[in-house]
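# Survey of secondary and tertiary structure
Letter by letter, the chains look like this.
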6 protein chains.
Amino acid sequence: MTQKIPIGKLAMLVASLTPVELEPFSAQLKDVEYCQGKAGSMNMQKVISAVETAGKRNHIISEVLYRETHALYHAILEALEGVMRGQIGAGDMMRTVGLRFAIVRGSPYEQFDEGEWLAVAFYGTIGAPVKGLEHETFGLGINHIG
Amino acid sequence: MTQKIPIGKLAMLVASLTPVELEPFSAQLKDVEYCQGKAGSMNMQKVISAVETAGKRNHIISEVLYRETHALYHAILEALEGVMRGQIGAGDMMRTVGLRFAIVRGSPYEQFDEGEWLAVAFYGTIGAPVKGLEHETFGLGINHIG
Amino acid sequence: MTQKIPIGKLAMLVASLTPVELEPFSAQLKDVEYCQGKAGSMNMQKVISAVETAGKRNHIISEVLYRETHALYHAILEALEGVMRGQIGAGDMMRTVGLRFAIVRGSPYEQFDEGEWLAVAFYGTIGAPVKGLEHETFGLGINHIG
Amino acid sequence: MTQKIPIGKLAMLVASLTPVELEPFSAQLKDVEYCQGKAGSMNMQKVISAVETAGKRNHIISEVLYRETHALYHAILEALEGVMRGQIGAGDMMRTVGLRFAIVRGSPYEQFDEGEWLAVAFYGTIGAPVKGLEHETFGLGINHIG
Amino acid sequence: MTQKIPIGKLAMLVASLTPVELEPFSAQLKDVEYCQGKAGSMNMQKVISAVETAGKRNHIISEVLYRETHALYHAILEALEGVMRGQIGAGDMMRTVGLRFAIVRGSPYEQFDEGEWLAVAFYGTIGAPVKGLEHETFGLGINHIG
Amino acid sequence: MTQKIPIGKLAMLVASLTPVELEPFSAQLKDVEYCQGKAGSMNMQKVISAVETAGKRNHIISEVLYRETHALYHAILEALEGVMRGQIGAGDMMRTVGLRFAIVRGSPYEQFDEGEWLAVAFYGTIGAPVKGLEHETFGLGINHIG
């Protein structure tokens, strides 16, 4: 049951590195399916929606199965806990986020039956709705899927 | 007030990359002070203590000023929100963590008066107290200091 | 995608009804796998452990697959949010619980591909560690599995 | 101080059973005052308001005493913790709920002086704002009143 | 329904002022029943227990009625939210508190039927388990009782 | 490192006392910088904004340094935890607040290097959006600054 593919770490790298910085990890990224996107808002609902839409459009999750949307939703929510650091409800409290996100789907465990898992990572800035009044923020969520 | 040094991203990289993977970032790391360490426990108190001790022993924060311990403590707590994803109190609830952590101290903003800031990152695994029954976890906290 | 089997409601009934009261639901219960048990403690860790052990011993979840333990763990955690009502960390704060629990595994959705889901329900009392100084409490968690 | 009337269990049954299923509990329900209603929304404020209005219109709580509104409000909030499972603030985060609720008022304890208590139960579905992309949810709150 | 006696403010003053500073409020304090005490611990359970014991010994609440213990317990819990600022579970996470507390019972509202209410206030320090590495903290909880 | 000026207690007194009641504390208040203001809303965002604006207009914090806004923001957030008692997200959930607030900036510690700290206190009422259906609420947040 050892973990052979660090889907969470790969999601973090895709969300936060520049294309040049990501280069050395291209071999590892061949073992997984992934996509990335951007979400900037003061409204958590829009952030969640942006990730779900990206996951479906890029065929990382099924567009028709609720169980896959359910798995992704909870991975997003866990990642947002890291972004908001205990203040998810505060998502509408005057802080604005500018985030890049990554969704990674793969089979992290050696044992075949452990199947597929999902990682969602956010990286960007959070702060007052004034440019510059902000600092970095990050979040990662992991869930089983499939 | 543009951010020139991504102390949070650097903390995440130090916490999660292998020495070889970290190589391309060595130039960026020269602009900050940092240290790393390990913490593995089912007890959040011990995890916090391990980071505080490392921060003081490696002279990332002052050993005698409470305001620096206060700044580090809240950065750790924010990072642990990401690790525990909303269940910090659950730290003693049967999940065990095996974490690498990094503390980065630097001046991320171009404007001189914004001064020094602190980033704390955790990367590792969280799960049942049985080897293999675990998945990756990440957390990042940022605070002003100095 | 309409839901045909209310696994959450069935879990609630198994956890809270007497055998006689449960009688009229015996036909519905034939459509799912389920087990029940008891957990009484001031320590959330022991409550979680009791449910996980019951789930494995009664073959509701696999004893060897981490993904099934992961699914059950998060269903338990969600159910405990209802039991503790926002104070999960408070599990060790002088309140004692006397709980019956039920785990139900089934295929609630009409569409075949939605597969199996898990429901965990707790019903019992929570209060000061003095007999009688307590009131009822309930919690339900749902997750996809398999 | 033994509990003779399980007002919480009765509230759950009223909230989740069909009229036919509820039949066997009609004798027990004669010992309490209760009402039921429906609330469907993406907005927690409207859900709370629906329950408070039902409680007053059906004379379960006083329309003029703040202490009774206060007791009901906190029972609703505790029940919503179960419904939202730790994400009450997330009530406005893209999830939509379709809930039946029940309010039960009675004297659960044998000792006369323990007086009246209130139980609020929710049962229904929570999920993405697309029909079918949802699963069951439950919540129960208890408070002293009168 | 206007509030004539600010039981919360009085509890705050009793918990935080010196006897000399409290002098000008002695007339107002004659309208309520109150007691004070001390609690210093890293363990929330002990803090709660100290307040409950003080409330009973000083006859602020009944020693035999669960509904009064229930009312006090939730007022304490609300006050501790202020003390711990969202990290109640963190009560066992290396922070130590040195608190004075006050319990005030009175009839704050002009309308007779609003009856008695309870206020619990904490004031003191919270910090690392090293003398001086700490800052002030405060919390207030209000509940209906009687 | 003993604390010589209780900035938190002073903030609470400024937020809750009448001018006459505050008179005996005028000597202590000469040791700190402070301001006060009012915020009444069902929207947490507006409450936060009111305090930040008051802090800048009264020159308690710098209008141009993000690190000072960051310090104040987290002190406000901690104070709001006390006001909302664990339901910050509930700020938009039908409860309305009428608050007076105070910001105090000073050097609470004897050791010179501990520098300046900030205290934010709220005092007022919280309740249903109907006059009279409300009770008192308090919150205090402390942070290092400068």
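Given the structure is predicted, the values throughout are model-derived calculations rather than measurements. (Residues numbered from 1 in each chain as written. Chains lettered and ligands numbered in written order. Predicted model: local features only at pLDDT ≥ 70, side-chain atom pairs only at ≥ 80, totals over all residues. Heavy atoms only, no water.)

### A look at the interface of chain A and chain C
The following threshold applies: Throughout, a contact is declared for two residues whenever any of their heavy atoms are within 4.5 Å. When two components associate, each loses some accessible surface as probed by a 1.4 Å sphere; the sum of these losses over both components is called the buried area. Polar contact criterion, stated in full: a pair of N or O atoms within 3.5 Å, where within protein one must be able to donate a hydrogen and the other to accept it, and residues adjacent in sequence count only if both atoms are side-chain atoms. Going along the chain from the N terminus, every DSSP run of H or I of four or more residues is numbered as a helix, and every run of E of two or more is numbered as a strand.
The interface is formed by 21 residues belonging to chain A together with 21 residues belonging to chain C. Summed over both sides, the interface between chain A and chain C buries roughly 1,700 Å², with carbon and sulfur atoms accounting for 52% of that surface. Per-residue buried area on chain A facing chain C is highest for Tyr66(A), Arg67(A) and His144(A); these three make up 39% of the total on that side. Counting the contacts that link chain A with chain C gives eleven residue pairs in polar contact (both at pLDDT 80 or more). Sorting the residues of the side of chain A that touches chain C by element identifies helix H5 (66–84) and strand E4 (134–144) of chain A as the ones contributing at least two each. With six residues, H5(A) is the single largest residue contributor to the side of chain A that touches chain C.

### A short note on the packing of helix H4 (residues 44–57) of chain E against helix H5 (residues 66–84) of chain E
Residue and element names in this part refer to chain E. The following threshold applies: To get an axis, a line is fitted to the C-alpha atoms, and for a helix only the part in contact is used. The angle between two axes follows their N-to-C directions and goes from 0 to 180 degrees. If an angle is under 35 degrees, it is roughly parallel; if it is over 145, roughly antiparallel; if it lies from 65 to 115, roughly perpendicular; otherwise it is oblique. Throughout, a crossing is termed right-handed when the near helix is turned clockwise from the far one, and left-handed when it is turned anticlockwise from it by less than a right angle. Each residue gets one label: Ala, Val, Leu, Ile, Met, Phe, Trp, Tyr, Cys and Pro are nonpolar, Asp, Glu, Lys and Arg are charged, and the others, such as Gly, are polar.
Packing of H4 against H5 brings their axes to within 10 Å, and their N-to-C directions diverge by 135°. Classed by the angle they form, the pair H4 and H5 counts as oblique. The two elements H4 and H5 meet at a crossing, and its hand is right-handed. Across the interface between the two elements, Met44, Val47, Ile48, Val51, Glu52 and Lys56 of H4 pack against Thr69, Leu72, Tyr73, Ile76, Leu77, Leu80 and Met84 of H5. Its residues assigned to classes, the contact of H4 with H5 shows ten nonpolar, one polar and two charged.

### Things to note about the interface of chain B and chain A
The cut-off we apply is this: Any Lys or Arg side-chain nitrogen found within 4 Å of a carboxyl oxygen on Asp or Glu counts as a salt bridge.
Across the boundary between the two partners, chain B contributes 32 residues, which contact 32 residues of chain A. Carbon and sulfur atoms make up 61% of the area that chain B and chain A hide from each other, which totals about 2,600 Å². The largest contributions to the chain B side of the interface with chain A come from Lys9(B), Arg85(B) and Glu136(B), which together make up 23% of the buried area. Between chain B and chain A we count four salt bridges in total. Seen at the junction of chain B and chain A, the total is 16 residue pairs in polar contact (both at pLDDT 80 or more). Looking at the side of chain B that touches chain A, the elements with two or more residues in it are helix H1 (7–16), helix H5 (66–84), strand E3 (117–127) and strand E4 (134–144) of chain B. Of all the elements, E4(B) adds the most residues to the side of chain B that touches chain A, at seven residues.

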